[in-house]
Every structure is written in structure tokens, then in C-alpha cells.
Amino acid sequence: MSGTSLASSAVAVIGTQWGDEGKGKIIDMLAEKFDVIARACGGANAGHTIVVNGVKHVFRLLPSGCLHAHAEIVLGSGMVIHLPTLLEEIELLKAAGIDIIPRLRISHEAHILFDFHKLIDGANEDDKTKTGKGIGTTRRGIGPAYCDKAARTGIRMERVSEDLRGDLSERAALLKRTHGIDVDIEAELQSVTHAAKLIGSCVTDTVTLLADRRKSDKKVLIEGAQATMLDIDHGTYPYVTSSATTVAGALQGLGLPPQCVSQVIGVAKAYCTRVGSGDFLTEVSGATGDRLRERGGEYGSVTKRPRRCGWLHLPDLKRSAMINGCTCWNITKLDVLDTEEMIFVGVGEYQGKATYKEFSGWKCSTAGMTAFDDLPMEAQKLILFIEQETGIPVRYIGTGQGRGEMIVR
Ligand code: GDP
Ligand code: IMO
Ligand code: MG
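**Some thoughts on the overall build of the protein chain**
- Along the protein chain, the regular secondary structure elements total twelve helices and 17 strands.
- Relative to the 2.2 N^0.38 estimate, which gives 22 Å for 409 residues, the radius of gyration of the protein chain is 21 Å and therefore close to what a compact globule would have.
- Seen along its three principal axes, the alpha-carbon backbone of the protein chain occupies a region of about 65 × 60 × 35 Å.
- Look at the contacts in the protein chain between residues 6 or more apart in sequence, and 74% of them connect residues 24 or more apart.

Pasting the structure below:
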């Protein structure tokens, strides 16, 4: 085993906008070349969609590479895991002919996200919405689960087979007092016991496991969830998620050392979307926004909420690239712009408003294209502009939902 192979055994795929860039699709495409596919942080607030042979699969807790039968699947220490959702995903895969349990490894350090976390998330959102300060969370309990983790009152996966009645009763009494929330202790206990029976054997020390795999030259693909502008530190706080969504966060979440990452693929849509509240400098309303939403199918894969749509904003991509050390871009959903007369790219800000560079649209179909040279000149110009402005090569260009609909340069 050489030092070089150890040093370059992981590739990370990281969202560089506000999520839903199409991380799932490139993960699914790259997965066959990797031995291990790992999620590091976050929970079932993620919704990663892939389309294979016309069939749509949405992944929430499991990585999008699961359809590849060879790969070992890791849920890392930084995750917050809602067990019924995980079991549901496992069942869905089973129905598609894939038994994931024999190759699923769940960190004993990951936290269990209980139904009561979802209740708190919902109650907090309802309260804040009344005063116009709602974050617009996915209501999947993410913030409250990470609160417990930081307060050191969380329950980790290592305890999944224990009797948690005492812990949950204490918690239920407190929540009743502070939030007026009724915790269904029996239902919570039943769901943990059920999960322990089915996946208890998957719980392990994934940090050591990843180190062992790297020692035997196995390749690790890190599937980022959420995105850089939703990062708890570097995102548009407070309109962010509660985990570290950057490559540094992914390494922390998996217990991997920094030098193991050889490539960081920054994923960005050719335009931009956001679900939930918070600033969005290049947001467009009216017919153009509606057209982008309809053509791009921009409705939340978790919550079905319509996504806010707007133009690409290069300063955000530059900042994300700076934070993550992106080595290349995957620009996704270029085909969504096929019908646009004019395409705008945000290049800066003046007096609180975005400034734009305008591009002529190409007004023809790029759907399903796989060669850069086949793209209309106007589309090539747009890609080359992104490359030139960010100083980072665009290696992958998405031209459709399907597995093969990608230009690789
Ligand atoms: P993720 O959360 O980053 O994995 O992205 P989502 O799955 O939430 O949203 C991306 C959506 O765009 C999904 O419905 C994908 O099937 C779709 N998609 C991904 N890449 C492309 C592309 O290049 N073109 C088109 N038209 N759709 C794409
Ligand atoms: P993927 O992995 C898009 C957003 C929510 C909300 C904020 C906080 O599919 O790209 P949370 O439930 O995390 O407390 O919500 O973060 N958000 C996402 N937006 N894609 C995601 O994941 C998201 N995960 C969280 O909409 O604005
Ligand atoms: Mg998504």
C-alpha cells in the first residue's frame, strides 16, 4: 500500500448553492467506480433524486449510490437518523430488488432523531411563522436533534438496542413542561425496538471501518447533503440548516483526515433555487421564475414545496469554491435553460441589487447531450464564462434527469 493511494482515496460531492443542485445524480453516475459511498451529516431533510431507466428514486438518509450492488454504504457519525424513515427507505429498495442491509454500516456515533424532534421543529416553525421569522425548515426535526447533540442530551445509535424508557420518560416530562408537547413514549420505544431488530447489526465503528478500507486501497465517495450556503457557520444564517455541509463538515462527520480527499466536485445548477426563507439576491418572480420552476421540476423532493427560482450567482459559487477547495464543477440542469430568450448570470452586487452579465439564449434542445462540442455556441459560452470567472474547470454538465444525460469533459 503506497502513501499516495492512501492520500487520494476519497472524492467529495458538495452542493454549492442552497441545496437540490443535483448531487444525487452525479453520485449515482460516479458510484460504480467507488467501493464505499458515505453520507456524513444531516438527516432526512435531504432529498436526492435519481432517475434510472425512467424510474425515479428519492434518497433521504441512504446515499444515492445504493442502486449499485457492489458498494458498501456508510451513514456517518455526523448524521441524525430518523429510524422509521431509514426503514422505509430500506423497504423501498427491497421492493426495487435491492437488499441493502448486508452492506449497510451505520456509525455508532450517529444520533437517533426521534418523532418528538419533529414535533418540536414543527412547533418552533409555527411559532416563528406567526411573527414572520419562520426559517421554512423541512420540519424533519433536524434543528432539535442537533440541539440535543450539542447539549449532550442526545441518544446515539450505539444505544439502539438498549431499553430507553427511562431516558424517553425524562425527556417527555421536560417537553410537556417547556413546549406543552405530548411525547408518545410507547410509540417511540416500539419504533426503536423494531429498528434495532432489523438494523442493529449494521451499527459499527465506521471511523475504523473507513480507515481500514482506505488501508486496503478502497475508494470512498462522499455524498454531501444540503449545501454550502445552508452551512451552519458559512451559510446565510439564520436561514440555514443545523449541520456543517461543507467538505470540512463531511470529513468531521465521517472521521476522515483532510489529506484523503483528492477531488472536491462542486455541484451548481445553471440557475439557482432555494426552498425556505432567507435572502436570494438573484431571485426572479413572475413568468421567468415560473418557467424555470416548471421546466426544472422545482418542487421539493421532501416537502413538495415550490422552490424559489432565480439566476446563477457567481459570487456565491466563488465563495463556496473557496470554502470547499472545489477542484471541478458539475453544472447541472443546463437543459432547463433551453427555451430562454436571454440568460442572466449574477456577477456582483450594487446597492443591494445583483448586477448581471447577459447571455443570448440558444433556443434549441440540449436535452440528453453527452458531448460538449454538440452544445450550441451560446451554451458553450455560458459554461466557459463560469470556468473563466471561477478559475475552476467545468468537468460535468447535466443535460437531463436520466443517468446518462451528462457531458463529461
Ligand atoms: P439533490 O438534493 O442535490 O440531489 O437534488 P434534488 O434531487 O433535490 O433535485 C434535483 C432535481 O433535478 C432532481 O429531480 C433530478 O432528477 C433533476 N436533475 C438533476 N440533474 C439534472 C439535469 O441535468 N437536467 C434536468 N432537467 N434535471 C436534472
Ligand atoms: P438536499 O440534500 C434544499 C433547507 C430548508 C430550510 C433550511 C433549514 O436535498 O440538497 P432544516 O430542515 O434542515 O432545518 O431546514 O434548510 N434545506 C434544504 N434545502 N435541499 C436540502 O437538502 C435541504 N436541507 C435543508 O428548506 O430552508
Ligand atoms: Mg434535494
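The discussion continues.
**Section: the site of ligand 1**
- Around ligand 1 sit 18 residues, and of these Gly22, Lys23, Thr49, Lys333 and Asp335 come closest.
- With respect to ligand 1, the side chain of Asp335 contributes an N or O atom lying 2.7 Å from a nitrogen atom.
- The separation between a nitrogen atom of ligand 1 and a polar main-chain atom of Gly400 is 3.1 Å.
- Here ligand 1 has 590 Å² of accessible area as a free molecule, and 94% of this is covered by the chains.
- Those elements giving two or more residues to the shell around ligand 1 turn out to be α2 (23–30) and β3 (48–52).
- The greatest single-element share of the shell around ligand 1, amounting to three residues, is contributed by α2.
- Residue composition of the shell around ligand 1, by class: one nonpolar, ten polar and seven charged.

**Structural notes on the packing of helix α3 (residues 83–95) against helix α7 (residues 185–199)**
- Interhelical geometry of α3 versus α7 gives an angle of 40° and a closest axis separation of 9 Å. Classified by the interaxial angle, the pair formed by α3 and α7 is oblique. Considering the relative orientation of α3 and α7, their crossing is left-handed. For the pair α3 and α7, the contacting residues are Leu83, Pro84, Leu86, Leu87 and Ile90 in the first and Ser191, Val192, His194, Ala195, Leu198 and Ile199 in the second.

**Examining helix α8 (residues 206–215)**
- Of the positions making up α8, those classed as buried are Thr206, Leu209, Leu210 and Arg214. The buried residues of α8 all sit within an arc of 135° when viewed along its axis, so they share a single face.
- At the N-terminal end of α8, a side-chain oxygen is found 3.1 Å from the backbone nitrogen of Val207, two or three residues along, and the residue is Asp205.
- Directly beyond the C-terminal end of α8, a positive phi value near 65° is found at Asp217.

**Side note on the nonpolar core**
- Judged by nonpolar contacts, the single largest core of 59 residues is most densely connected at Leu62, Ile81 and Ile106.
- Ranked by residues supplied to this core, first place goes to α7 with six residues.
- No fewer than three residues from each of domain 1 (10–109 + 203–408) and domain 2 (111–200) sit in this core.
- Contacts of Ile106, omitting those with residues within four sequence positions, involve Leu75, Ile81, Leu86, Met157, Ile199, Cys202, Val203, Thr204 and Thr206.

**A closer look at the coordination of the magnesium ion (ligand 3)**
- Taken together, the protein ligands of the magnesium ion (ligand 3) are Asp20 (OD) and Gly47 (O), with distances of 2.0 to 2.2 Å. Here the residue Asp20 occupies a position in the loop between β1 (10–15) and α2, and Gly47 occupies one in the loop between β2 (36–42) and β3, the gap between them amounting to 27 residues.
- Accessibility expressed as a relative area gives 11% for Gly47, which makes it buried.

**Overview of the pairing of strand β16 (residues 394–398)**
- Where burial is concerned, most of β16 is hidden: four out of the five residues are buried.
- Across three bridges, the pairing between strand β13 (residues 328–332) and β16 is parallel. Within β16, the position partnered with Ile331 by the bridge is Ile397.
- Pairing between β16 and strand β17 (residues 406–408): three bridges, direction antiparallel.

**Topic: the domain arrangement of the protein chain**
- By domain assignment, the protein chain separates into domain 1 (10–109 + 203–408) and domain 2 (111–200).
- At the interface, 33 residues of domain 1 touch 28 residues of domain 2.
- Buried surface at the junction of domain 1 and domain 2, summed over both partners, amounts to about 2500 Å²; 62% is from carbon and sulfur atoms.
- When residues of domain 1 are sorted by the area they lose upon contact with domain 2, Val80, His82 and Leu83 head the list and together hold 24% of the total.
- Across the contact surface, domain 1 and domain 2 share zero salt bridges.
- The interface formed by domain 1 and domain 2 contains eleven residue pairs in polar contact (both at pLDDT 80 or more).
- Going through the elements one at a time, β2, β5 (72–81), α3 and β6 (104–107) are the ones with two or more residues in the side of domain 1 that touches domain 2.

**Notes on the site of ligand 2**
- Every one of the 20 residues lining ligand 2 counts as a neighbour, but Lys23, His48, Thr138, Gln226 and Thr241 are closest to it.
- Measuring from an oxygen atom of ligand 2, one finds a backbone N or O atom of Gly47 at 3.0 Å.
- Take Val275: an N or O atom from its main chain is 3.0 Å from an oxygen atom of ligand 2.
- Out of a free accessible area of 550 Å², ligand 2 has 98% covered by protein chains.
- Looking at the shell around ligand 2, its residues break down into seven nonpolar, ten polar and three charged.
- Residues from two domains meet in the shell around ligand 2; each of domain 1 (10–109 + 203–408) and domain 2 (111–200) gives at least three.

**Some details on the pattern of salt bridges**
- Going through the model one piece at a time under the given rule, you end up with 23 salt bridges.
- The residue Arg293 makes a salt bridge to Asp290 at a minimum N-O spacing of 2.9 Å. Of the two residues, Arg293 and Asp290 both sit in helix α10 (residues 286–296), three residues apart, roughly one turn of that helix.
- Residues participating in the shared-partner salt-bridge network are Asp20, Lys269, Glu298, Arg307 and Lys333.

Cut-offs and rules
- Residues numbered from 1 in each chain as written.
- Chains lettered and ligands numbered in written order.
- Predicted model: local features only at pLDDT ≥ 70, side-chain atom pairs only at ≥ 80, totals over all residues.
- Heavy atoms only, no water.
- Helix = DSSP H or I, 4+ residues; strand = E, 2+ residues; numbered from the N terminus.
- Rg over C-alpha atoms; globule rule 2.2 N^0.38 Å.
- Contact = heavy atoms within 4.5 Å.
- Near = heavy atom within 4 Å.
- Polar contact = N/O pair within 3.5 Å; in protein donor to acceptor, adjacent residues only side chain to side chain.
- Areas by Shrake-Rupley, 256 points an atom, 1.4 Å probe, with all protein chains shown as cover.
- Nonpolar A, V, L, I, M, F, W, Y, C, P; charged D, E, K, R; others polar.
- Axes fitted to C-alpha atoms, helices over the stretch in contact; angles between N-to-C directions.
- Parallel < 35°, antiparallel > 145°, perpendicular 65-115°, else oblique.
- Left-handed = near helix turned anticlockwise from the far one by under 90°.
- Buried < 20%, exposed > 50% of the residue type's maximum accessible area, 1.4 Å probe, protein only.
- Arc of directions from axis to C-beta.
- Core = buried A, V, L, I, M, F, W, Y, C linked by side-chain atoms within 4.5 Å.
- Domains from an automatic or database assignment.
- Donors = N, O, S within 2.8 Å, 3.2 Å for Na, K, Ca; no water.
- Pairing = 2+ DSSP bridges.
- Buried area = accessible area lost by both parts, 1.4 Å probe.
- Salt bridge = Lys/Arg side-chain N within 4 Å of Asp/Glu carboxyl O.

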